[in-house]
Amino acid sequence: MRRSTTTSVLLSRTRGGRKPAATSYRRALAIEPDYVDALANLGNAYRDLGQFDQAVVHFQRALALDPNHVAIHNCLGVTLRGMGALDEAIHHYQQAPRR
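As the structure is a prediction and not an experimental result, all values here were calculated from the model. (Residues numbered from 1 in each chain as written. Predicted model: local features only at pLDDT ≥ 70, side-chain atom pairs only at ≥ 80, totals over all residues. Heavy atoms only, no water.)

A. Representation of the packing of helix H4 (residues 52-65) against helix H5 (residues 70-82). Contact geometry for H4 and H5: axes closest at 10 Å, N-to-C directions at 155°. Here H4 lies roughly antiparallel to H5, going by the angle between them. The handedness of the crossing between H4 and H5 comes out as left-handed. Facing Phe52, Ala55, Val56, Phe59, Gln60, Ala62 and Leu63 of H4, the residues of H5 in contact are Ile72, His73, Cys75, Leu76, Thr79 and Leu80. For the contact of H4 with H5, the per-class residue count stands at ten nonpolar, three polar and no charged. (Axes fitted to C-alpha atoms, helices over the stretch in contact; angles between N-to-C directions. Helix = DSSP H or I, 4+ residues; strand = E, 2+ residues; numbered from the N terminus. Parallel < 35°, antiparallel > 145°, perpendicular 65-115°, else oblique. Left-handed = near helix turned anticlockwise from the far one by under 90°. Contact = heavy atoms within 4.5 Å. Nonpolar A, V, L, I, M, F, W, Y, C, P; charged D, E, K, R; others polar.)

Structural data, given as structure tokens:
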């Protein structure tokens with residue numbers, strides 16, 4: 001199931017942009033709510049759509065499930081920096097290289 005969901009998401013990202021990708025990630029999460037990669041990718045899609053608060057929520061959910069995920073710490077740092085939350089961004093940037 002995961003492979004077909006991932007394939008569907010990749011196709012939607014390349015063919016239709018972030019809105020269809022976000023829809024696909026939400027569908028994947030409806031099936032498997034703790035799917036860390038889908039949570040992180042949905043966070044990226046929300047960030048790209050300018051929905052920073054939603055991006056942060058999804059990155060934080062992903063990190064709650066996998067606190068050592070370097071890429072998610074980095075993505076959250078980028079998002080927080082874009083929101084002007086520099087101290088929080090630095091914290092997540094500092095977490096990334098430790099793993």
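Still to come is the rest of the account.
B. Seen up close, the environment of Tyr46. In this fold, Tyr46 is placed in helix H3 (residues 36-48). For the pair Tyr46 and Ala21, spaced 25 residues apart in sequence, the C-alpha separation works out to 9.7 Å. Once you skip the residues sitting within four places of it in the chain, Tyr46 turns out to touch Arg26, Gln51, Phe52, Gln54, Ala55 and His58.

C. Quick peek at the side chain of His58. Along the chain, His58 falls in helix H4. For His58, a relative accessible area of 8% puts it in the buried group. Residues within four places of His58 in sequence aside, it is in contact with Leu39, Leu42, Gly43 and Tyr46. (Buried < 20%, exposed > 50% of the residue type's maximum accessible area, 1.4 Å probe, protein only.)

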